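Topology and contacts: notes
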Amino acid sequence: MVMQPGEYYEKANLRDNPFRSNPNFAADPRASIWVGYENQKKQLDKYLRRSLADQVGNANFIMLYGNYGTGKSHALLWAQNRILHDEKKTFESVCYFIPTLRKDKGKLTFAGAFLDDIVAKSDLMDNVQAYHNFLTECIALCRTAHGLDHQVSAEKIIEILIPPVELNNFAKEIYHCQKEDDFLKLIAPKTLTDYQAMMIFTRLVNLFVHDMEISDTSRKRFKKGAYLFIDELDDLERASVKEAREVNDILRHIYDNCPNCFCMVIALSAEISQLAVLFFDYILSRIHRQIELLVLDKDDAVAFVREILNSNRVDQDGKGGFFPFEEAAVDTIASQLTEITPRKIVTTMQQIIEEVRLAGHDPSEGPVSVEFLDDEEILDEVLGEGGVA
């Protein structure tokens, strides 16, 4: 008798099918899991931390690249999850994710991405309103610390706290916002060019991380760092020369305009030989680290499956490892894959574990063997002609 999914996965000590499609937002618990690329994970994490004010506090520009399906988008979600959720107190930062710059009728546009992904779908507006409250508090603290009466305007105190004219002018505009519509009109005006969107974004970043001197003994900073992740920049390959140059220019301006406590990570599906075609020299020369996500070998694939299974256990003290499979069964599956990527492994295992269930396997009677896969012709069904191999 075929078990229902809930019963089967419960007996397999799994919350559900662990090989479901990838998460598409940072708060998804699966976004905290990134397996198979330990060296790349350490490199990315190191540079994320370098941008924090209590670490190096500098600007970093990172590129993730590799073949399709190697997990670049997932790596960005993992990093965002780490910053905004798993290690929120450590990072104490803002982080924004743009899935693609291709927006307005297929055009690559930072303004469109800024409005669609950063303003509409992230917590930017909440961040700006929280910054308004923070700024108001800093003005009051500075007034008290320096014995300034109320004849000294808030605007004058903002100039003391934030000396750069461009920044203090923008901070004054934020300070005078009262209603949600006021903030929206300031941050997302009805007409917005790529350059204007870039200027608004970079001014916000610089205000968020600016170190305010309240008194000789007191300093306050709204956030320790700011992060911007942009995915699918391989779209540049299909862009016109003019469009590609505009995107390259925007990336350069964003990075150059945010010299402190900022990290920008871009991701694309490409080989190293293509990078010089997609990006101008002035971008490649600014990138601190190029992190390549390679295809996996068989042993990596087997380990990847084990880690995914164990990350989804109901009882961490219960059956683990490769269960509900024998290791030999997973090894056999991996040996039949070509050009092994995380996406291909997940797609394959998602189908195989369901075929195993539909074939009547009962985890309480033992793990899936190579013989079971052969007898039920499951590998032929999933990996045969027209399959994912």
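Refer to the structure above for everything that follows.
For the structure given in this document, a descriptive report is provided here. This structure is a prediction, so every number in the text was calculated from the model and none was measured. (Residues numbered from 1 in each chain as written. Predicted model: local features only at pLDDT ≥ 70, side-chain atom pairs only at ≥ 80, totals over all residues. Heavy atoms only, no water.)

**Topic: the packing of helix α14 (residues 298-310) against helix α15 (residues 327-335)**
Their axes nearest at 9 Å, the elements α14 and α15 cross at an angle of 130°. On the basis of their axis angle, the class for α14 and α15 is oblique. Crossing of α14 against α15: the hand is right-handed. Facing α14, whose interface residues are Lys298, Ala301, Val302 and Val305, α15 presents Val330, Asp331, Ala334 and Ser335. When the residues that make up the contact of α14 with α15 are grouped by side-chain class, the tally is five nonpolar, one polar and two charged. (Axes fitted to C-alpha atoms, helices over the stretch in contact; angles between N-to-C directions. Helix = DSSP H or I, 4+ residues; strand = E, 2+ residues; numbered from the N terminus. Parallel < 35°, antiparallel > 145°, perpendicular 65-115°, else oblique. Left-handed = near helix turned anticlockwise from the far one by under 90°. Contact = heavy atoms within 4.5 Å. Nonpolar A, V, L, I, M, F, W, Y, C, P; charged D, E, K, R; others polar.)

**Considerations on α15**
Listed in full, the buried residues belonging to α15 are Ala329, Val330, Thr332, Ile333 and Ala334. Of the surrounding elements, those touching the buried residues of α15 are α14, α16 (342-358), α17 (370-375) and α18 (378-383). (Buried < 20%, exposed > 50% of the residue type's maximum accessible area, 1.4 Å probe, protein only.)

**Some details on the pairing of strand β4 (residues 218-221)**
When strand β3 (residues 211-215) meets β4, the two strands line up antiparallel, connected through four bridges. Within the sheet, the bridge partner assigned to Ser215 lies in β4 and is Ser218. Hairpin connection of β3 to β4: two residues between the antiparallel strands. (Pairing = 2+ DSSP bridges.)

**What to know about the environment of Asn60**
Along the chain, the position of Asn60 falls in strand β1 (residues 59-66). By relative accessible area, which is 1% here, Asn60 ends up buried. For Asn60 and His288, which are 228 residues apart along the polypeptide, the C-alpha to C-alpha distance reads 6.4 Å. With residues up to four places along the chain from it excluded, the contact list for Asn60 reads Tyr47, Arg50, Ser51, Tyr255, Phe262, Cys263, Met264 and His288.

**Some remarks on the packing of aromatic side chains**
All chains considered together, the criterion is met by 12 aromatic pairs. Where Phe61 meets Tyr255, the ring centres are 5.7 Å apart and the plane angle is 35°; that geometry is what we call tilted. Residue Phe61 is located in strand β1, and its partner Tyr255 is located in helix α11 (residues 241-257); the two are separated by 194 residues in the primary sequence. By the burial criterion, Phe61 is buried, and Tyr255 matches it. A connected cluster of aromatic rings, assembled from ring pairs, spans Tyr96, Phe110, Phe114 and Phe201. When the ring centre of Phe170 is taken as reference, the NZ or CZ atom of Arg203 above it lies at 5.9 Å. (Phe/Tyr/Trp six-rings, centres within 6.5 Å; stacked < 30°, edge-to-face > 60°. Lys NZ or Arg CZ within 6 Å of the ring centre and 35° of its normal.)

**Looking at a negative patch on the surface**
Among the surface-exposed residues, Glu326, Glu371, Asp374, Asp375, Glu376, Glu377, Asp380 and Glu381 lie close enough to one another that they form a single negatively charged patch. Where the negative patch is concerned, the elements lending two or more residues are α17 and α18. Counting residues per element, the negative patch draws most heavily on α17, which supplies three residues. Secondary-structure assignment places Glu376 in the loop between α17 and α18. (Patch = residues over 30% accessible without salt bridge, like charges linked within 9 Å, V, L, I, M, F, W, Y side chains within 5 Å. Areas by Shrake-Rupley, 256 points an atom, 1.4 Å probe, with all protein chains shown as cover. Salt bridge = Lys/Arg side-chain N within 4 Å of Asp/Glu carboxyl O. Lys, Arg positive; Asp, Glu negative; His and termini not counted. Charge placed at Lys NZ, Arg CZ, Asp CG, Glu CD.)

**Section: the sheet that holds strand β2 (residues 93-98)**
Strand order in this open sheet of five strands is β2-β5-β6-β1-β7, and the pairing throughout is parallel. Only two strands of the sheet have a single partner each, and these edge strands are β2 and β7 (289-293). Pairwise comparison of adjacent strand axes, ignoring direction, gives a mean angle of 15° for this sheet. By the bridge criterion, six bridges tie β2 to strand β5 (residues 225-230) in an arrangement that is parallel. By the bridge assignment, Tyr96 is partnered in β5 with Leu228.

**Considerations on the nonpolar core**
Ranked by size, the top nonpolar core spans 77 residues in total, and within it Phe110, Phe114, Tyr131, Ile187 and Leu228 carry the most contacts. In terms of residue count, the dominant contributor to this core is helix α10 (residues 194-209) (10 residues). Counting residues in each nonpolar core, the second largest holds 61 residues, with Tyr8, Phe97, Val368 and Leu379 among its members. (Core = buried A, V, L, I, M, F, W, Y, C linked by side-chain atoms within 4.5 Å.)

**Focus: unusual backbone geometry**
At the junction of Phe323 and Pro324, the peptide bond is cis and its omega measures out at 15° in the coordinates. Along the chain, Pro324 falls in the loop between α14 and α15. One non-glycine residue, Asn13, adopts positive backbone phi at about 60°.

**Looking at the packing of helix α8 (residues 165-176) against helix α9 (residues 180-187)**
Where α8 meets α9, the axes come as close as 9 Å, and the angle between the chain directions of the two elements is 155°. By the angle class used here, α8 and α9 are roughly antiparallel. Counted together, Phe170, Glu173 and Ile174 of α8 and Phe183, Leu186 and Ile187 of α9 form the full contact between these two elements. Across the contact of α8 with α9, the residue classes tally to five nonpolar, no polar and one charged.

**Examining the pairing of β1**
Put simply, side chains in a regular strand alternate between the two faces of the sheet. With eight of eight residues buried, β1 is to be regarded as a mostly interior element. Note: β1 against strand β6 (residues 262-269), eight bridges, orientation parallel. Looking at β6, one finds that Asn60 is bridged to Cys263. Relative to β7, β1 is paired through five bridges, and the arrangement is parallel.

None of the figures reported here should be taken as evidence of function without further support.
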